[in-house]
Amino acid sequence: MKSSKPFLPWWKSITWRIQLWYGVALALAIAAMTIAFYRYEREHQLDRLDARLADLVRPILPQVAPGGARNREGPPPPRQRGEGAERRPRGPGGEGRPEMPGRKVPEWLSESYWAVAWDPQGEIVYRAGRPAPDFVAYEEGRIADELRTREGHRMMRFMGPGRRVIEVGAPLTLIEPQLRQHTRKLIGVGLGLFGGGLLVGWLIVRWGLRPIGVIGRTATEIAEGDLSKRIDSAHASRELHGLAEVLNTTFAKLEAGIKEREQFTADASHELRTPLTVVIGQIQQLLSAERPEQEYREGLLTAERAAQRMKKLVEELLLLARLDEARHAKRDPVDLADVVRTVASEMRGLVAKRDAELKLDLQPAPLMGDRDAIVRVVANLLGNALQHNPTGVSIRIWTRKGEREVELGVQDSGEGIGQDEQKHLFERFYRVDTARSRRSGVGNSGLGLSICDAFVRQHGGRIEVKSEIGRGSTFLVTFPLNSSS
């Protein structure tokens, strides 16, 4: 039964977050572009309006020149040039619209434009077109701004003949239709760009995050039991390549750990089955019929040995389980040479029983570690050298202190171990030779060297073996030298 995925709100989606920020940035960019184009078009329309105002100034200049006809309400009448003087033709549209030589006066006397002129005393000498706004007034002194915009009007002011001030203007409503049309176009283009940009951004984000989905699906398949699946890191992007490699390494370790636990469980069950079978068999045999006291005694002794072996195996399994959970060992001052002397003293009986020759070459080798664990390592290595070799074997143990690490060596002159077997020595439940493992009369579980390896790795060290058939074996253990030592 598939587990239902928990509901997550849209704002917790990476895709939506990226798309949201992208949409905000895109909207701001389009808004800025639209405002810039609008301002450019507005300036362009104002420039065109200014050009029209400038064209309207030229016909006014003769009208406001000193000595010319004054007309406060409209254009002046034609001037008399004495007897026989020619009359200027009237401009189109009625009286008072003079024409410049060779050029018609623009049709500016309408509802669109206005013009006002003042003499140096501030008296209006000319007025034409639509009524000027109320704020238009004479200003004495130098003209600071020839072009200006005020209260919805565009105005042009300049100094004419005889220091007369001329001002023409028009309402900005003249350019509003063009600006509205241009604004509608800009809004349409902006909305199109925004919609298209969101669509393209969505596709890019979906395509960019696709490898993450592949990683998620692969992890799901692994979680469902397919431990052989791996992420294709070769085709992953640069940003996800490192993540894919780390996950593949994690998956590989997970697969190896699960297989190791499965194998460990199977081996432990097998190892426990044998002594349990012996105990149950002996009890059933003794209960099947009346027997002499001696047979009862021998059967119980056999069952006890099997139970002792099973007890030792269970203790070692529990120890390995604790070592698997523990990541770091205790840190107490320990002298490796002192540990070897203590172990050698405690195992004098076994050394004598095996008729072995034990040589100690010990130099002070202080380190920070768990004394009980290091004692277990030394005892296991010395016990293996005694149990897995013929009687009379020669064993040499030494300790050294280097610049960065301390060293423990256990060398024997026994039978040696083959190259193929050396690769599996530290695997759990591995035995080099079943017959050799029982020389001492005590069953070997195949966990001793695994426990040594676990203890050494817990201290940050390493354990190695060098051996040749017929020339003995050497186990070399190195521990990091702590500065506190």
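Just so you know, these numbers come straight off a predicted model, no measurement behind them.

Student: Describe the overall build of the protein, and please don't skip the residues or the numbers.
Tutor: When you go through the protein residue by residue, the secondary structure sums to eleven helices and twelve strands. Out of the 485 residues belonging to the protein, those deemed buried represent 36%. Contacts spanning at least 24 positions in sequence make up 64% of the contacts within the protein whose residues lie at least 6 apart. On the protein, roughly 30000 Å² of surface is accessible, and the fraction owed to carbon and sulfur atoms is 54%.

Student: Describe in detail the sheet that holds strand β12 (residues 472–480), supporting the description with residues and values.
Tutor: Taken together, the five strands give an open sheet; going across it, the order is β7-β9-β10-β12-β11, and neighbouring strands pair in mixed fashion. Here the strands that pair on one side only, and so sit at the sheet edges, are β7 (357–362) and β11 (462–468). Between one strand and the next, the sheet's axes are offset by a mean angle of 10°, whatever the strand orientation. Pairing of strand β10 (residues 405–412) with β12, which is carried by seven bridges, proceeds in the antiparallel orientation.

Student: A description of the nonpolar core should follow, citing residues and the corresponding values.
Tutor: Residues Leu336, Leu381, Ile395, Leu408 and Phe479 are the most contacted members of the largest nonpolar core, which totals 42 residues. Those elements that place two or more of their residues in this core are α6 (293–325), α7 (336–346), α9 (371–387), β9 (394–401), β10, α11 (448–458), β11 and β12. If you tally residues by element for this core, the top one is α9, at eight residues. Discounting residues that sit within four places of it in the chain, Leu408 has contacts with Leu336, Val340, Val378, Leu381, Ile397, Trp398, Thr399, Phe475, Leu476 and Val477. Formed by 21 residues, the second largest nonpolar core is a distinct cluster that contains Ile60, Ala115, Ile175 and Leu179.

Student: Give a description of the pattern of salt bridges that names residues and reports values.
Tutor: Once the charged atoms of two side chains with opposite charge are near each other, the side chains can pair. Following the criterion strictly, the structure yields 16 salt bridges and no others. One salt bridge connects Arg150 with Glu151, and the closest N-O pair in it is separated by 3.8 Å. One salt bridge connects Glu468 with Arg471, and the closest N-O pair in it is separated by 3.5 Å. Here Glu468 falls in the partly exposed class, since its relative accessible area comes to 44%. Each of the salt bridges in this network shares a partner with another, and the network as a whole consists of Glu139, Arg148, Arg157 and Glu167.

Student: For α7, give the residues involved together with the corresponding values.
Tutor: Within α7, the full set of buried residues consists of Leu336, Ala337, Val339, Val340, Val343 and Ala344. Projected onto a plane normal to the axis of α7, the buried residues spread over an arc of 155° and lie on a single side. Structurally, the start of α7 carries an N-cap: the backbone nitrogen of Ala337 is 3.1 Å from a side-chain oxygen of Asp335.

Student: Residues and numbers for the side chain of His459, please.
Tutor: Among the secondary structure elements, His459 is positioned in the loop between α11 and β11. Among the polar contacts made by the side chain of His459, one reaches the main-chain amide nitrogen of Asp370 at a distance of 2.9 Å.

Student: Can you explain the sheet that holds strand β1 (residues 114–118)? Please cite residues and give values.
Tutor: With antiparallel pairing, the five strands of this open sheet are ordered in space as β2-β1-β5-β4-β3. The two strands at the open ends of the sheet, each matched to only one other strand, are β2 (124–129) and β3 (147–150). With strand direction ignored, the average angle separating the axes of adjacent strands in the sheet is 20°. Direction of pairing for β1 relative to β2: antiparallel, over a ladder of five bridges. By the bridge assignment, Ala115 is partnered in β2 with Ala128. Seen against the sheet, helix α1 (residues 14–57) touches β3, β4 (153–159) and β5 (165–171) and runs at an angle of roughly 40° to β4.

Student: Account for the packing of aromatic side chains, with residues named and values stated.
Tutor: Summed over the entire model, instances satisfying the criterion amount to two aromatic pairs. Residues Trp118 and Tyr138 carry aromatic rings whose centres are separated by 6.2 Å and whose planes lie at 50° to one another, so their mutual orientation is tilted. Taken together, the residues Trp118 in strand β1 and Tyr138 in the loop between β2 and β3 connect sequence positions 20 residues apart. The class of Tyr138 is partly exposed, set by a relative accessible area of 24%.

Student: Could you give an account of the pairing of β1, naming the residues involved and the relevant values?
Tutor: Along β1, five of the five residues are buried, which leaves the element largely enclosed by surrounding structure. Here β1 shows no split at all, with Trp114, Val116 and Trp118 on one side and Ala115 and Ala117 on the other all buried. Linking two consecutive strands that pair antiparallel, namely β1 and β2, is a turn of five residues; a positive phi of about 90° is found at Gly122 within it. Pairing analysis gives five bridges linking β1 to β5, with the strands arranged antiparallel. Pairing of Trp114 across the sheet is with Gly169, part of β5.

Student: I'd like a rundown of unusual backbone geometry, residues and numbers included.
Tutor: Despite not being glycine, Glu151 has its phi angle at roughly 50°, a positive value. Relative to the helices and strands, Glu151 is located in the loop between β3 and β4. Not every positive phi belongs to a glycine, and Arg163 is a case in point at roughly 55°. Inspection of the secondary structure assignment puts Arg163 in the loop between β4 and β5. Looking at Arg163, the relative accessible area reads 59%, which means it is exposed.

Student: I'd love a proper account of α11, names of residues and values included.
Tutor: The element α11 is largely enclosed, with a buried count of ten among its eleven residues. Among all positions of α11, only Gly448, Leu449, Ser450, Ile451, Cys452, Asp453, Ala454, Phe455, Val456 and Gln458 are buried. Where α11 ends, the next residue or the one after it, Gly460, has phi of about 80°, a positive value.

Student: Could you give an account of the packing of α1 against helix α3 (residues 176–208), with specific residues and numbers?
Tutor: With their axes 9 Å apart at the nearest point, α1 and α3 run at an angle of 160° to one another. What the angle tells us is that α1 and α3 run roughly antiparallel. The interaxial crossing formed by α1 with α3 has right-handed handedness. For the contact of α1 with α3, a count of residues per class yields 16 nonpolar, eleven polar and three charged.

Student: I'd like to hear about a nonpolar patch on the surface, residue by residue, with values.
Tutor: Together, Met33, Phe37, Val189 and Leu193 line one region of the surface with nonpolar side chains, adding up to about 350 Å² of accessible area. When residues of the nonpolar patch are traced back to their parent elements, those giving at least two are α1 and α3. Note that Val189 resides in helix α3.

Reading guide: rules and limits
Residues numbered from 1 in each chain as written. Predicted model: local features only at pLDDT ≥ 70, side-chain atom pairs only at ≥ 80, totals over all residues. Heavy atoms only, no water. Helix = DSSP H or I, 4+ residues; strand = E, 2+ residues; numbered from the N terminus. Buried < 20%, exposed > 50% of the residue type's maximum accessible area, 1.4 Å probe, protein only. Contact = heavy atoms within 4.5 Å. Areas by Shrake-Rupley, 256 points an atom, 1.4 Å probe, with all protein chains shown as cover. Pairing = 2+ DSSP bridges. Axes fitted to C-alpha atoms, helices over the stretch in contact; angles between N-to-C directions. Core = buried A, V, L, I, M, F, W, Y, C linked by side-chain atoms within 4.5 Å. Salt bridge = Lys/Arg side-chain N within 4 Å of Asp/Glu carboxyl O. Arc of directions from axis to C-beta. Polar contact = N/O pair within 3.5 Å; in protein donor to acceptor, adjacent residues only side chain to side chain. Phe/Tyr/Trp six-rings, centres within 6.5 Å; stacked < 30°, edge-to-face > 60°. Parallel < 35°, antiparallel > 145°, perpendicular 65-115°, else oblique. Left-handed = near helix turned anticlockwise from the far one by under 90°. Nonpolar A, V, L, I, M, F, W, Y, C, P; charged D, E, K, R; others polar. Patch = residues over 30% accessible without salt bridge, like charges linked within 9 Å, V, L, I, M, F, W, Y side chains within 5 Å.

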